[in-house]
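# Close look at the chain arrangement
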Amino acid sequence: MKTYLVTGGAGFIGSNFIHYMFEKYDKDIRIINVDALTYAGNLENLKEVSSRDNYTFVKADICDKDAISKIFEENDIDHVVHFAAESHVDRSIRNPEVFVQTNVLGTAVMLNCAKASWELEGGGFKEGKKFLHVSTDEVYGSLPEDGGYFYETSPYEPHSPYSASKASSDMLVKAYMDTYKFPANITNCSNNYGPYQFPEKLIPLIINNALNGKKLPVYGDGKNVRDWLYVRDHAKAIDMVIQKGRLFETYNVGGHNEKQNIEIVNIILETLQEMLPDSDPRKANVTKDLITYVEDRKGHDRRYAIAPDKIKAEVGWEPETMFKEGIRLTIKWYFEHEDWMKNVTSGDYQNYYRTMYEAS
Ligand code: NAD
Ligand code: TYD
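Scope of this entry: the structure provided in the associated data block. (Residues numbered from 1 in each chain as written. Chains lettered and ligands numbered in written order. Predicted model: local features only at pLDDT ≥ 70, side-chain atom pairs only at ≥ 80, totals over all residues. Heavy atoms only, no water.)

For residues that are not glycine, phi is negative in most cases, and the peptide bond is trans in most cases. One non-glycine residue, Lys181, lies in positive phi territory at about 55°. Within the secondary structure, Lys181 is located in the loop between helix H5 (161–180) and strand S6 (184–189). Look at Tyr196: it is not a glycine, yet its phi comes out positive at around 70°. Within the fold, Tyr196 resides in the loop between strand S7 (192–193) and helix H6 (202–211). (Helix = DSSP H or I, 4+ residues; strand = E, 2+ residues; numbered from the N terminus.)

Now the structure itself:
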């Protein structure tokens, strides 16, 4: 039985990954989830798995060396799946330091503890161990509007404090692979959407605002392009890279699904119109009149697009969920989890929202 140490498993992608893994492997794996439960971490995301014998939650900060090395001392970890990070670009523009702390120093702690636990006395590492570092396509910078893709060989050109901190963490992983032959892979994925995403990110924010008749803030001219991937497809890609990815390699993961932000907003409005019954009083609110163009994000990357050719050729992974289907599944999930949304948007979220969008 393989033991997975998942960091940041109470967040959006981490919790989807844990659900995916238990649905696929059931009792044949063990998962230890270590999460500091920042504003983005929510144990409600994991309530269906919390009573499993083969699941353990540890509340700890990945920057806390003692706490992390204790987990490695007490458990024979086979795979680390490292999601824990500060993940929101807008927050990184307002407060970069915590991004360096968690994303760079926290990754260094995770790498050091895994290395110490996995290395053999005579050199090399124990068989079958792997550290999967979950990263983003934003490390590659911005593409021109009229073409081009991010490849694994594309130069790193991060622009935001978030992407700079993720690029730094990738570089650390690469340095461990080059220097120590540390067994790792890096995955650089495009924008995810789906259940359990915190409503500071575009898609859940627009769904939530539209349902509440609130303005839909679109940055700049709304024509920035992102390559959207359904989160379950990402979870599957990570599992496949752990199983089949060649050690020391980087794999780009993307949705073949480029869309301008304004297109995303319009698709959400149209889908909400289709899905809400006529008897639902919220239906009348859901109109294009809510769209409000606001001041552009500082240093806003124009376009991201992934070429997932390598992961397809070597690992056999491809995106499966078409956007039309994925957005319906996502909206359905938010319809069915109104309490989840109420809980996460109470308290600190209100302060964040006021500071971020007070002018709109
Ligand atoms: P998220 O913000 O939803 O979740 C992050 C999780 O990490 C939370 O549970 C939080 O409590 C935890 N965390 C934060 N700081 C911590 C610390 N110091 N110690 C322990 N836990 C801590 O993020 P997400 O969207 O699920 O992203 C997960 C990973 O995937 C990140 O590394 C991100 O860079 C990467 N990624 C995200 C996307 C995307 O579209 N969301 C795309 C590509 C890559
Ligand atoms: P976001 O979901 O924050 O992801 P990222 O910045 O990591 O790509 O934003 C996706 C796109 O949507 C990005 O171009 C910024 C834009 N955006 C808005 O136009 N309005 C918003 O309120 C938010 C949160 C994002």
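Scanning the model with the defined rule gives 23 salt bridges in all. Notably, a salt bridge pairs Glu200 with Lys201, separated by 3.8 Å at the nearest N-O pair. Of the two residues, Glu200 and Lys201, neither departs from the other in class, the shared state being buried. Close ionic contact of Asp221 with Arg302 constitutes a salt bridge, the shortest N to O distance being 2.8 Å. (Salt bridge = Lys/Arg side-chain N within 4 Å of Asp/Glu carboxyl O. Buried < 20%, exposed > 50% of the residue type's maximum accessible area, 1.4 Å probe, protein only.)

Moving on, we get to the pairing of strand S8 (residues 216–219). Consecutive residues of a regular strand have side chains that alternate between opposite faces of the sheet. Burial of S8 is two-sided: the residues Leu216 and Val218 facing one way and the residues Pro217 and Tyr219 facing the other way are all buried. Examined bridge by bridge, S8 and strand S13 (residues 291–294) share four bridges and lie parallel to one another. Note that in S13 the partner of Val218 across the bridge is Tyr293. (Pairing = 2+ DSSP bridges.)

A word on the side chain of Ser135. Looking at the secondary structure, you find Ser135 in strand S5 (residues 130–136). The class for Ser135 is buried, based on a relative accessible area of 5%. A distance of 3.4 Å separates the side chain of Ser135 from the side chain of Asn188, its partner in a polar contact. (Polar contact = N/O pair within 3.5 Å; in protein donor to acceptor, adjacent residues only side chain to side chain.)

Bringing the site of ligand 2 into the picture now. If you check the shell around ligand 2, you find 18 residues, and the closest are Glu138, Arg226, Arg297, His300 and Tyr357. One of the side-chain nitrogen or oxygen atoms of Arg297 is found 2.5 Å away from an oxygen atom of ligand 2. Protein contact buries 98% of the 510 Å² of open area that ligand 2 shows by itself. The element that contributes the greatest number of residues to the shell around ligand 2 is S8, accounting for three residues. (Near = heavy atom within 4 Å. Areas by Shrake-Rupley, 256 points an atom, 1.4 Å probe, with all protein chains shown as cover.)

On the basis of which strands lie adjacent, the open sheet formed by seven strands has the order S3-S2-S1-S4-S5-S6-S11 and parallel pairing. The outermost strands of the open sheet, each flanked by one partner alone, are strand S3 (55–59) and strand S11 (250–253). Averaged over all pairs of adjacent strands, the angle between strand axes in this sheet comes to 20°, irrespective of strand direction. As paired strands, S6 and S11 are joined by four bridges and run parallel to one another. The residue bridging Thr187 from the neighbouring strand is Tyr251, located in S11. Sheet strands touched by helix H2 (residues 65–74): strand S1 (2–7), strand S2 (29–35), S3 and strand S4 (79–82). Its angle to S2, the strand with the most contacts, is close to 170°. (Axes fitted to C-alpha atoms, helices over the stretch in contact; angles between N-to-C directions. Contact = heavy atoms within 4.5 Å.)

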